[in-house]
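Observations on chain architecture
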Amino acid sequence: MDWNVMVQYLPQYEKAAWLTLRLGVAGIFWAILVGLVCAVLQYEDERPRPRCPHRHPEASV
């Protein structure tokens, strides 16, 4: 194994490592953001329901 070649490509490995970290952090951020938006949308859809459903006029006959 030629160490000169390894040293020559070392800066590219460093750039790749930082890129991987930035993509990972960005992915986590977007996952949290999308999850919060979905949770808010799901929470807003649930309206309080009455305990006694209203009767239809036909049911009282």
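Quick look at the structure, then. (Residues numbered from 1 in each chain as written. Predicted model: local features only at pLDDT ≥ 70, side-chain atom pairs only at ≥ 80, totals over all residues. Heavy atoms only, no water.)

**A closer look at the overall build of the protein**
- Regarding its fold elements, the protein presents 1 helix and 0 strands.
- When the 61 residues of the protein are sorted by exposure, 0% land in the buried category.
- As presented, the protein carries roughly 6,700 Å² of accessible surface, and 66% of it is formed by carbon and sulfur atoms. (Helix = DSSP H or I, 4+ residues; strand = E, 2+ residues; numbered from the N terminus. Buried < 20%, exposed > 50% of the residue type's maximum accessible area, 1.4 Å probe, protein only. Areas by Shrake-Rupley, 256 points an atom, 1.4 Å probe, with all protein chains shown as cover.)

**Quick look at the packing of aromatic side chains**
- Counted according to the given criterion, the structure contains 1 aromatic pair.
- Between Phe29 and Trp30, the ring centres sit 5.4 Å apart and the planes meet at 75 degrees, which makes this aromatic pair edge-to-face.
- Using a relative accessible area of 49% as the deciding quantity, one classes Phe29 as partly exposed. (Phe/Tyr/Trp six-rings, centres within 6.5 Å; stacked < 30°, edge-to-face > 60°.)

**Brief notes about a nonpolar patch on the surface**
- A surface patch of nonpolar side chains, amounting to about 520 Å² of accessible area, comprises Phe29, Trp30, Leu33, Val37 and Leu41.
- Mapped onto the elements, Leu33 comes out in helix H1 (residues 3-45).
- Look at Leu33 and you get partly exposed, because its relative accessible area is 35%. (Patch = residues over 30% accessible without salt bridge, like charges linked within 9 Å, V, L, I, M, F, W, Y side chains within 5 Å. Salt bridge = Lys/Arg side-chain N within 4 Å of Asp/Glu carboxyl O.)

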